[in-house]
Amino acid sequence: MNIVVLVKQVPDTWAERKLNADDKRLDRASVDVVMNEIDEYAVEEALKIKEAGGGEVTILTMGPERAVETIRKALSMGADKAVHLVDDALAGSDAVQTSYALAKVLETLEYDLLISGSEATDSRMAIMGALLAERTGKPQLTGARKVTVDGGSVRIERQTDNGYDVVEAPTPAIVSVVEKINEPRYPSFKGIMAAKSKPLTTLTVADAGIEAAQVGLAAAPSQVVEFANKPPRQAGQVVKDEGDGGMKVAEFLASQKIV
Amino acid sequence: MAEILVLVDHVEGTPKKVSYELLTLARTLGEPSAVVLGKGASAAAEKVAAYGAEKVYVSEAEELSQFLVAPYATVLAQLVQEKNPAAVLLPSNVTGKEVGARLAVKIGSGLVTDAVGVTPEFVAEQPIFGGAVTVQSKVQTGTPIITVRPNSTAATEQAGAGTVEQVTATFSDADKAAKVVESVVEAKGGRPDLGEASIVVSGGRGMGNAENFSIVEKLADTLGAAVGASRAATDAGWYPHQNQVGQTGRTVSPQLYIAVGISGAIQHRAGMQTSKTIVAINKDPEAPIFELADFGLVGDLFNVVPQLTEEIQKRKG
Ligand SMILES: Cc1cc2nc3c(=O)[nH]c(=O)nc-3n(C[C@H](O)[C@H](O)[C@H](O)COP(=O)(O)OP(=O)(O)OC[C@H]3O[C@@H](n4cnc5c(N)ncnc54)[C@H](O)[C@@H]3O)c2cc1C
């Protein structure tokens, strides 16, 4: 079973994240970056499926040159090869445009499963799986907390607000996973060494047959028109428990007319 | 006035609170038309009319319940084509966002998710980075598709005509590819949905074990609240993952959020920082959760919480 795993490089959530004043885009240059955490679970799931049934795991990333660090991490976990879509023309693309660009690259790859994390910690839109399913016409199996592959079909447990749905589809399919699904492995020393010589293909917009006029900030179907940094929430009253702590909280709630 | 399509989130014809909120918001933007799809949809018509729906588009096609997400987008795309609305509003939950995404591709429109407000010019306000930054976003291409978070608008009743129109859609093979074989309910019934609740009580690592979560459950039940948990608690298996609040869990924005035995890590804050009022109970006076709490109580939760529950019961008589 050949699997493509989508990974994204994002600002570390421990770092302070800012928007640039001029183009109102995420300031990616000044922050520490990491692999989007949930994508590690996607890589792990792909590796597990490969280990059980064979095949190849290809990492696909769209992002600036620096995103190659994230690709290396995925390769050092055990993925076989990678494709990096990198072009200045892509900068500022929104999710809908990104799905167009990724779908173009996917046309050139052969896969039975596409696996991604359910959402990225920077945009938090949680829609890339749905967008790609719509673009490719392949079945959408998103929000999986469990994935079972059986011959030409995949079955997932899709997490819902009050439980889960069992959803089934023939391959090739578009899968996204939530963090509950597994425990991602750490790259071993051997893995890190091996990653250095694994095949990495770099594609420009032209290489992938992406129309440059369809991508990038100027053509974005949704745009930020304005933004403001919110003053941090102010700390209120802090009271020490003197045996009547519960009563104190109740009094506060009553003063706010909540109870 | 132009139509505003509102996708109604409902369970067998009973709309969720967020649907009424969206209809209330839609009234400030144009003429609300409710779109009610799936099993039991017809039963919702009168209820959505009470919140201003002039038209109610209904489809109970079996495909809507049998296959994941895609058929919803197909019906909405057809309605956009036929009715030429000024905008489409959807609830900003997992499915609402995915339906919006597929619809955006189908009709070649832009999409804004997680809005907490929408102006008559269709500029959407979104809190990002856990509420640290507020952005105003606008759809520049096609019919604006905007998903709106629960608890962003207070729902108010206002009678609409509620004229029901049946929608007949044709579904493609691609729409029928991901089959829902079974739906399993795991959550204990009786409590409000975490995303919609006006009060949320969450427990963290300080709870110590799964059994002790009954302490927060009791407090939640006296307040009519939903129960949340930190990732430390869900990772330990003390509480279901779907109740996790935070960056990789649910985002909640209730009137009142009570954090019990939760330190207030940035990833937890990302899911609750926009709550109206925050109360924290923690034995460590240095816990970062106190930096954003409107009221902080430094003390042992095993003493404070049961006393609080009892006191509220007393006050409620
Ligand atoms: C990419 C990423 C995503 C993440 N996503 C999330 C997320 O979605 N949600 C989330 O919550 N976390 C998330 N985390 C984890 C987060 O960083 C914290 O580890 C987690 O929130 C800690 O949970 P906690 O506050 O319950 O535990 P701790 O940080 O261990 O805090 C426990 C608190 O309980 C207090 N306490 C202990 N005993 C008592 C007592 N008897 N009475 C009163 N107080 C007591 C302690 O003083 C302490 O402050 C994420 C982390 C990463 C890296």
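What comes next is a walk through the structure. The shown structure was predicted, so the numbers you read here are calculated from the model rather than taken from an experiment.

### Things to note about unusual backbone geometry
- Cis rather than trans, the peptide bond between Thr171 of chain A and Pro172 of chain A has omega equal to -5°.
- With respect to the helices and strands, the residue Pro172 of chain A is situated in the loop between β9 (163-170) and β10 (173-177).
- The backbone of Lys24 of chain A shows a phi angle near 55°, a positive value even though the residue is not glycine.
- Tracing the sequence through the fold places Lys24 of chain A in the loop between β2 (9-11) and β3 (33-35).
- The residue Asn151 of chain B is not glycine, and still its phi comes out positive at about 70°.
- Tracing the chain through its elements places Asn151 of chain B in the loop between β11 (145-148) and β12 (163-166).
- Taking relative accessible area as the criterion, Asn151 of chain B reaches 16% and is therefore assigned buried.

### Brief notes about the nonpolar core
- Membership of the largest hydrophobic core comes to 67 residues, with the highest contact counts inside it found for Val5, Val43, Ile59, Ile115, Leu141, Val147 and Val177 of chain A.
- Sort the elements by how many residues they give to this core and helix α4 (residues 70-83) of chain B lands first, with seven residues.
- Setting aside residues no more than four positions away along its own chain, Val43 of chain A makes contact with Val5, Val7, Met35, Ile59, Ala74 and Met77 of chain A.
- Ile215, Tyr239, Ile281 and Leu308 of chain B belong to the second largest nonpolar core, which has 32 residues in total.

### Description of the interface of chain A and chain B
- Each partner contributes residues to the interface: chain A has 79 residues there, and chain B has 85 residues.
- Summed over both partners, the interface of chain A with chain B comes to about 7000 Å²; 56% of that surface belongs to carbon and sulfur atoms.
- Across the chain A-chain B interface, the total number found is eight salt bridges.
- A salt bridge links Arg233 of chain A to Asp294 of chain B, with the shortest nitrogen-to-oxygen separation between them at 3.0 Å.
- Breaking the side of chain A that touches chain B down by element, the ones donating at least two residues are α1 (37-53), α4 (128-136), β7 (140-150), β8 (153-160), β9, β12 (222-229), β13 (237-240) and α6 (245-255) of chain A.

### Looking at a nonpolar patch on the surface
- A surface patch of nonpolar side chains, amounting to about 330 Å² of accessible area, comprises Phe189, Ile192 and Met193 of chain A.
- Note on placement: Met193 of chain A falls in helix α5 (residues 189-195).

### What to know about the packing of helix α3 (residues 95-106) of chain A against α4 of chain A
All names here are of chain A.
- Viewed as axis vectors pointing N to C, α3 and α4 meet at an angle of 55°, and their least axial separation amounts to 9 Å. Between α3 and α4, the angle falls in the class oblique. Note that α3 runs across α4; the crossing there is right-handed. Along the contact surface, α3 presents Ala95, Val96, Thr98, Ser99, Tyr100, Leu102, Ala103 and Leu106, while α4 presents Met128, Leu131, Leu132, Arg135 and Thr136.

### Regarding the environment of Ala213 of chain A
- Tracing the sequence through the fold places Ala213 of chain A in the loop between β11 (200-203) and β12.
- Once the C-alpha coordinates of Ala213 of chain A and Leu113 of chain A are considered, the two residues, 100 residues apart in sequence, prove to be 29 Å apart.

### Here's the deal with α1 of chain A
Residues and elements named next belong to chain A.
- With 17 residues, α1 ought to run about 24 Å at 1.5 Å a step, and its terminal C-alpha atoms sit 25 Å apart, in line with that.
- With twelve of its 17 residues buried, α1 lies for the most part within the structure.
- Listed as buried for α1 are Ile38, Asp39, Glu40, Tyr41, Ala42, Val43, Glu44, Glu45, Ala46, Leu47, Ile49 and Lys50.
- Just past α1, the residue Gly54 takes up positive phi, approximately 80°.

Here is what the cut-offs are and how they apply
Residues numbered from 1 in each chain as written. Chains lettered and ligands numbered in written order. Predicted model: local features only at pLDDT ≥ 70, side-chain atom pairs only at ≥ 80, totals over all residues. Heavy atoms only, no water. Helix = DSSP H or I, 4+ residues; strand = E, 2+ residues; numbered from the N terminus. Buried < 20%, exposed > 50% of the residue type's maximum accessible area, 1.4 Å probe, protein only. Core = buried A, V, L, I, M, F, W, Y, C linked by side-chain atoms within 4.5 Å. Contact = heavy atoms within 4.5 Å. Buried area = accessible area lost by both parts, 1.4 Å probe. Salt bridge = Lys/Arg side-chain N within 4 Å of Asp/Glu carboxyl O. Patch = residues over 30% accessible without salt bridge, like charges linked within 9 Å, V, L, I, M, F, W, Y side chains within 5 Å. Areas by Shrake-Rupley, 256 points an atom, 1.4 Å probe, with all protein chains shown as cover. Axes fitted to C-alpha atoms, helices over the stretch in contact; angles between N-to-C directions. Parallel < 35°, antiparallel > 145°, perpendicular 65-115°, else oblique. Left-handed = near helix turned anticlockwise from the far one by under 90°. Expected span 1.5 Å × (residues − 1).

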